[in-house]
Amino acid sequence: MVSAGVHGGDDGVVVDFRGNPVDKGRTGGWLGAGLILGTELAERVCVVAISMNLVTYLVGDLHLSNARSANIVTNFLGTLNLLALLGGFLADAVLGRYLTVAVSATIAAIGVSLLAASTVVPGMRPPPCGDAAAAAAAAAESGGCVAASGGQMAMLYAALYTAAAGAGGLKANVSGFGSDQFDGRDRREGKAMLFFFNRFYFCISLGSVLAVTALVYVQEDVGRGWGYGASAAAMVAAVAVFAAGTPRYRYRRPQGSPLTAIGRVLWAAWRKRRMPFPADAGELHGFHKAKVPHTNRLRCLDKAAIVEADLAAATPPEQPVAALTVTEVEEAKMVVKLLPIWSTSILFWTVYSQMTTFSVEQASHMDRRAGGFAVPAGSFSVFLFLSILLFTSASERLLVPLARRLMITRRPQGLTSLQRVGAGLVLATLAMAVSALVEKKRRDASGGAGGGGVAMISAFWLVPQFFLVGAGEAFAYVGQLEFFIREAPERMKSMSTGLFLATLAMGFFLSSLLVSAVDAATRGAWIRDGLDDGRLDLFYWMLAALGVANFAAFLVFASRHQYRPAILPAADSPPDDEGAVREAATTVKGMDF
């Protein structure tokens, strides 16, 4: 049965769903990875179809304020990505990636189904604006409109956060489970793994384009229930396809809680903080049998590997306090060294969140006609995803050779992960400056149209900001995903993906915090229910200034980061399964970050 395949075998052994050694001709490879990517494709269709157009539903149908609507969207996306940490923990520690993906996909399907139901049932929405009876029964929030009640909002939140719980578990494990389908010891499969992350993101970007074109159109012109219902159907179909592919996958056994291991190292290092370092690092426990080479950075954690002979002898056997191994300490160091880059990656997603909230609201107040067709406001996000597809596909063939010619990179395989992240941060900062200029132009062109009017300026002026953020995401997402997976310990692949996705969560939460703080500090002067009455352009300029400061901090951290050393196998032993995707150089630092 499946559980035997997931949990059977020794650590590091890859098995089929029956727990037997894998038959490469029948399992894994692009066939297995493709079936897994189908699940992520459906998740992307669902989440993007919800998030990219949710703000117009909250403002137009539930009659909430712009600031509150924006915060609901960013809090939903933030929670979704934060729950990826929980999904990664469960996969690495208990369930394995297969079961975690299967359960998470099912939960996501339930959540999107609830959302579809909440938009169809009449009692789950307030009466339309202008309803005389409703206006007489309650105080209007704005323009004679009655806002959604507590019960109606509770139903919405239940649907959104159920979907977030499922999508978070999927995000943390799909990329790791997909890469498990390739054997790094096999030359052909190892080469295929090198292209997996780019193709992974290219594939899910296609799903995003489908969501912001076809599904957003259905939501706006046919009905929200039909649009969200189609998303739910896609998720249900993905669960069925994923389950049908069970015999085709390769499985890896969960190897215990990575958080527990890191916590043990931090606690042991703190408890032994007053002990002197040994004269020779070779005296550390497990030094000569370490699976990970010893490094001299973060030496304070090395104290966790100091042997305390007297204390160990005096401790009862059921509560051992023996020194931790050098391998455990070095794995903890790997995670700690990710945190500076992690912190400076957050602001990119704060900028990205504006594309799902205020930029969509801007489009709804502009002329969206293209010939005789009125483009839905949420569909302008298609330019973001088209930009992602363009830059992802052009990266290896055009951008990498150009960077090599300009001496930006000395690596034959192209840009490093941190160079990609840096490029994304620059593009995001530029996007906010452009957004501020476009918003100023939109306000000037409104001609006193009022808070709910449409400015006589084409909404296609928003294309540059969507394009720049999309280009930035093509660099930043792939760079961050590659960085966190490659630089983290081998047995923490799902957890490291969750750590990466936590940057998205923190970015969305930071956006909510900034919106609330700016709204309070300016007493509602910058962010108003009527965009023409506020100064959204000043909010964008503030984000651009924060982007400049954040990029300066990133440069400092990136120039000091040392890439994970390559671990070369002994001549008489096979390389480990990740050898084909590790850095070729032993250490890369400085400007070639």
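Residues numbered from 1 in each chain as written. Predicted model: local features only at pLDDT ≥ 70, side-chain atom pairs only at ≥ 80, totals over all residues. Heavy atoms only, no water.

Draft legend 1. Local environment of the overall build of the protein chain. Scanning the protein chain from N- to C-terminus turns up 18 helices and 6 strands. Expressed as a percentage of its 593 residues, the buried residues of the protein chain come to 53%. Counting contacts in the protein chain only where the partners sit at least 6 residues apart, residues at least 24 apart contribute 82% of the total. Summed over its atoms, the accessible surface of the protein chain is roughly 24,000 Å², and 64% of this surface lies on carbon and sulfur atoms. (Helix = DSSP H or I, 4+ residues; strand = E, 2+ residues; numbered from the N terminus. Buried < 20%, exposed > 50% of the residue type's maximum accessible area, 1.4 Å probe, protein only. Contact = heavy atoms within 4.5 Å. Areas by Shrake-Rupley, 256 points an atom, 1.4 Å probe, with all protein chains shown as cover.)

Draft legend 2. A look at the environment of Ala474. Following the sequence through the fold, Ala474 ends up in helix H16 (residues 463–487). A relative accessible area of 6% means that Ala474 is categorised as buried. Residues Ala474 and Thr392 lie 82 residues apart in sequence; the distance between their C-alpha atoms is 5.6 Å.

Draft legend 3. Region of the structure containing helix H11 (residues 326–336). Of all 11 residues that make up H11, 9 are buried, and the element is covered over most of its length. Turning to H11, its buried residues number three or more, namely Val326, Thr327, Val329, Glu330, Glu331, Ala332, Lys333, Met334 and Val335.

Draft legend 4. Examining the packing of helix H3 (residues 66–120) against helix H8 (residues 224–244) more closely. Following both chains from N to C, one finds H3 and H8 inclined at 160 degrees, their axes separated by 8 Å at the closest point. It follows from the interaxial angle that H3 and H8 lie roughly antiparallel. H3 and H8 meet at a crossing whose hand is left-handed. For the contact of H3 with H8, the per-class residue count stands at 17 nonpolar, 6 polar and 1 charged. (Axes fitted to C-alpha atoms, helices over the stretch in contact; angles between N-to-C directions. Parallel < 35°, antiparallel > 145°, perpendicular 65-115°, else oblique. Left-handed = near helix turned anticlockwise from the far one by under 90°. Nonpolar A, V, L, I, M, F, W, Y, C, P; charged D, E, K, R; others polar.)

Draft legend 5. Highlighting the packing of H3 against helix H5 (residues 150–179). It is at 8 Å that the axes of H3 and H5 come closest, and there the two elements cross at 40 degrees. Between H3 and H5, the angle falls in the class oblique. Its residues assigned to classes, the contact of H3 with H5 shows 30 nonpolar, 15 polar and 3 charged.

Draft legend 6. Inspection of the packing of aromatic side chains at higher detail. As enumerated under the stated definition, the model contains 23 aromatic pairs in all. Cluster of aromatic residues (ring-pair linked, three or more members): Phe348, Trp349, Tyr352, Tyr477, Phe483, Phe484, Phe500 and Phe508. Taking the ring centre of Trp461 as reference, the NZ or CZ of Lys441 above it sits at 4.7 Å. (Phe/Tyr/Trp six-rings, centres within 6.5 Å; stacked < 30°, edge-to-face > 60°. Lys NZ or Arg CZ within 6 Å of the ring centre and 35° of its normal.)

Draft legend 7. Main features of unusual backbone geometry. For His63, which is not glycine, the phi dihedral falls at a positive 60 degrees. Within the element layout of this structure, His63 appears in the loop between helix H2 (29–60) and H3. Take His63: its relative accessible area is 5%, and that puts it in the buried class.

Draft legend 8. Here's a closer look at the nonpolar core. Of all hydrophobic cores here, the largest spans 132 residues; its most connected members are Leu58, Met235, Tyr352, Phe385 and Phe539. Tallying contributions element by element places H3 first for this core, with 16 residues. Counting residues in hydrophobic clusters, the runner-up holds 12 residues, among them Ala269, Ala304, Ala305 and Leu324. (Core = buried A, V, L, I, M, F, W, Y, C linked by side-chain atoms within 4.5 Å.)

Draft legend 9. Layout of the pattern of salt bridges. With the rule as written, the count across this model stands at 8 salt bridges. We note a salt bridge from Asp180 to Arg97, for which the minimum N-O separation is 2.4 Å. Residue Asp180 is located in the loop between H5 and helix H6 (187–194), and its partner Arg97 is located in helix H3; the two are separated by 83 residues in the primary sequence. Note on accessibility: Asp180 and Arg97 belong to one class, buried. A single salt-bridge network, built from bridges that share partners, covers Arg97, Asp180 and Arg252. (Salt bridge = Lys/Arg side-chain N within 4 Å of Asp/Glu carboxyl O.)

Draft legend 10. Quick look at the side chain of Lys333. Relative to the helices and strands, Lys333 resides in helix H11. If sequence neighbours within four positions are ignored, Lys333 has contacts with His294, Thr295, Arg297, Leu298, Leu301 and Asp302.

Draft legend 11. Main features of the environment of Val146. Positionally, Val146 belongs in the loop between helix H4 (132–137) and H5. With 17 residues separating them in the primary sequence, Val146 and Cys129 have C-alpha atoms 7.1 Å apart.

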